[in-house]
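# Commentary on secondary and tertiary structure
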Amino acid sequence: MDEDVKRSVDYPLHSRPIIGFADEYPAGFVDPLHSHHRSQLSYSAFGTISVITESSSFMLPPHRAIWIPAGMMHEVHCRAAVSTYTLYIDPALDRQPQQCRVFEVSELVKALIFEVGGFPVGYDLEGREGRIATLLLDEIERMPSTPSEIVMPRDRRLLRVCHALIDDPADQRDIDDWANIAGMGRRTFTRLFKDQTGAGFAVWRQQVRLMAALQRLALGQPITTVAFDVGYESASAFTAMFHRAFGAPPSAYLAKSPHRPGSANGNASEHAGV
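Cut-offs applied
- Numbering of residues starts from 1 in each chain and follows the order in which that chain's sequence is written.
- Selection of residues for local features in this predicted model requires a pLDDT of at least 70, selection of side-chain atom pairs for listing and counting requires 80 or more, and totals for whole chains, interfaces and linings are taken over all residues.
- Only hydrogens and water are removed before side-chain values are computed, so all heavy atoms of the structure are retained for them.
- In this description, a nonpolar core means a group of buried Ala, Val, Leu, Ile, Met, Phe, Trp, Tyr and Cys residues linked to one another through side-chain atoms lying within 4.5 Å.
- Buried means the residue's accessible area, taken with a 1.4 Å probe over protein chains only, is under 20% of the maximum for its type, while exposed means over 50%, and partly exposed covers the values in between.
- Helix and strand labels come from DSSP, where a helix needs a run of H or I of at least four residues and a strand needs a run of E of at least two; each type is numbered from the N terminus.
- Arc definition: directions from the helix axis to the C-beta atoms.
- Whether two residues are in contact is decided by their heavy atoms: any pair within 4.5 Å suffices.
- Here a polar contact is recorded for every N or O atom pair within 3.5 Å, except that within protein the pair must consist of a potential hydrogen donor and a potential acceptor, and residues adjacent in sequence are included only if both atoms are side-chain atoms.
- At least two bridges found by DSSP between two strands are what make those strands a pair.
- Only the stretch in contact is used when fitting a helix axis, every axis being a line fitted to C-alpha atoms; angles between N-to-C directions are given from 0 to 180 degrees.

## Observations concerning the nonpolar core
The biggest cluster of nonpolar side chains holds 32 residues, and the ones touching the most others in it are Phe189, Phe201, Trp204, Leu210 and Phe238. Ranked by residues supplied to this core, first place goes to helix α6 (residues 201-218) with nine residues. Leu41, Tyr88, Val109 and Met143 belong to the second-largest nonpolar core, a separate cluster that totals 27 residues.

## Quick word on helix α4 (residues 175-182)
Of all the positions in α4, only Ile175, Trp178, Ala179 and Ala182 are classed as buried. In an axial view of α4, the angular spread of the buried residues amounts to 105°, which keeps them on one side of the axis. Along its buried surface, α4 packs onto α3 (156-167), α5 (186-197) and α6. You can read the cap of α4 off the contacts: a side-chain oxygen lies 3.1 Å from the backbone nitrogen of Asp176, and it is on Asp174. One or two steps after α4, the chain reaches Gly183, where phi turns positive at roughly 75°.

## Re the sheet that holds strand β2 (residues 30-34)
Here five strands make up an open sheet; going across it, the order is β2-β7-β4-β5-β10 and the pairing antiparallel. Single-partner strands in this sheet number two, and they are β2 and β10 (149-151). Within this sheet the neighbouring strands show an average axis-to-axis angle of 15°, counted without direction. Pairing geometry for strand β4 (residues 49-52) and strand β7 (residues 74-78), over four bridges, is antiparallel.

Put into structure tokens, the structure is as follows:
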């Protein structure tokens, strides 16, 4: 590897179909709205990332990955310190999703991501490295998606309400209060909200609370504290809703011990853009 190359933006991404890096981001890091010429896969080894596009907000908890298509405008927020592996993938390769999605990561896919992240810049396309890169794309296609998307409305008045709830998911104001904040009647508010987000207001708010809970759980906060912080009246009510949404209780969902990638396992870079 060229010792003069210090950050992932300095790497010749065109040199190989898939190039991978290990990245570390501090608490409070924000990568403003941007896009990449290549498709992007980011795996969160430690910490939780929020990825916001023009139409949706995605939560990437530890041990899961997000696919971002080439050219997709997005911004990234890190509530706490984050460690990721990021792969940049030639959009000309076959069978690539055209929409963002967060997905489960099997032990095999995790191992392949780590392996590709450690390849030298000029790895052999016809040899072992090239075969592993191809296998990784095959396996990604098989991974199941996980609930993580919050669809955002286009209407500026509704966006005002949505951003207020994302900032404070425990806000207990009722639907009439939110309709007043949007400057609409209740019926107009509920109809337009469902038309633009595909979900009723109560369901949408529940999704926001669950995504906020993922962030807090990833920080190691107690389940009872998380439940109250995101607006539930009891830990049992929160646990039941979490189990219905994710298929596991909060304690099991984030049970894996965190793993921080280091430069020894990948091409470590310095905040090069998520």
